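# Per-entry structural report
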Amino acid sequence: MLLLTFKHIIGDFVLQNAWMAYGKDQRKGWALPLLVHCLIHFAVALVLILIVAPKFWFVAAIDFVIHITIDRIKGICSSRFGMTIEHPWFWTLIGVDQALHHLTGFGLSIFMAANG
């Protein structure tokens, strides 16, 4: 869990730039920023998992699919309802997004622990 939480901090806060953060939530032109953002998550997850538990390399791919799905749904909600920082539900949407990513890490951690 600590490994995947560290991965999430690196992918969502250290290596995500404004182009990715704003671009992935747009009505048009969202695909490339979203893909780059999620590929960063995949790469960081893969490197860390290969170091700590290489037999679970495929967990990075599962995390990628789940992450891209969560972020796309957030982008659809954000663009459809005009959720800029001034919108009353903006932070709720960010919170739900982050909670889902952490629950993903929790679930994947349980899977790896149970099959280790």
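Keep in mind that this is a model prediction, so the values were computed, not measured.

### Re the side chain of Lys74
Residue placement: Lys74 occurs in helix H4 (residues 58–80). The residues touching Lys74, leaving out its near neighbours within four places in the chain, are Lys24, Asp25, Leu93, Ile94 and Asp97.

### A short note on the confidence of the model for the chain
Counting all residues, the mean pLDDT for the chain is 97, and 100% of those residues have values of 70 or more. Helix H3 (residues 31–52) holds the highest mean pLDDT among the elements of the chain, 98, whereas helix H1 (residues 2–14) holds the lowest, 96.

### Quick notes on the layout of surface pockets
The volume enclosed by the largest pocket comes to roughly 540 Å³. Lining the largest pocket are 22 residues; nearest its centre among them are Ala21, Asp25, Lys74, Phe90 and Ile94. For the lining of the largest pocket, the elements supplying multiple residues, two or more each, are H1, helix H2 (18–23), H4 and helix H5 (90–114).

### As for H5
Between its first and last C-alpha atoms H5 spans 36 Å; for 25 residues at 1.5 Å apiece the expected length is 36 Å, and the two agree. Turning to H5, its buried residues number three or more, namely Phe90, Leu93, Asp97, Gln98, His101, Thr104, Gly105, Leu108, Ser109 and Met112. Where H5 is buried, its residues contact H1 and H4.

Scoring rules and cut-offs
Residues numbered from 1 in each chain as written. Predicted model: local features only at pLDDT ≥ 70, side-chain atom pairs only at ≥ 80, totals over all residues. Heavy atoms only, no water. Helix = DSSP H or I, 4+ residues; strand = E, 2+ residues; numbered from the N terminus. Contact = heavy atoms within 4.5 Å. pLDDT = per-residue confidence, 0-100. 1 Å grid on protein atoms, 1.4 Å probe; cavity = no way out; pocket = protein on both sides within 12 Å on 5 of 7 lines; lining within 4 Å. Points joined across faces, edges and corners; volume = space filled by probe spheres on them. Expected span 1.5 Å × (residues − 1). Buried < 20%, exposed > 50% of the residue type's maximum accessible area, 1.4 Å probe, protein only.

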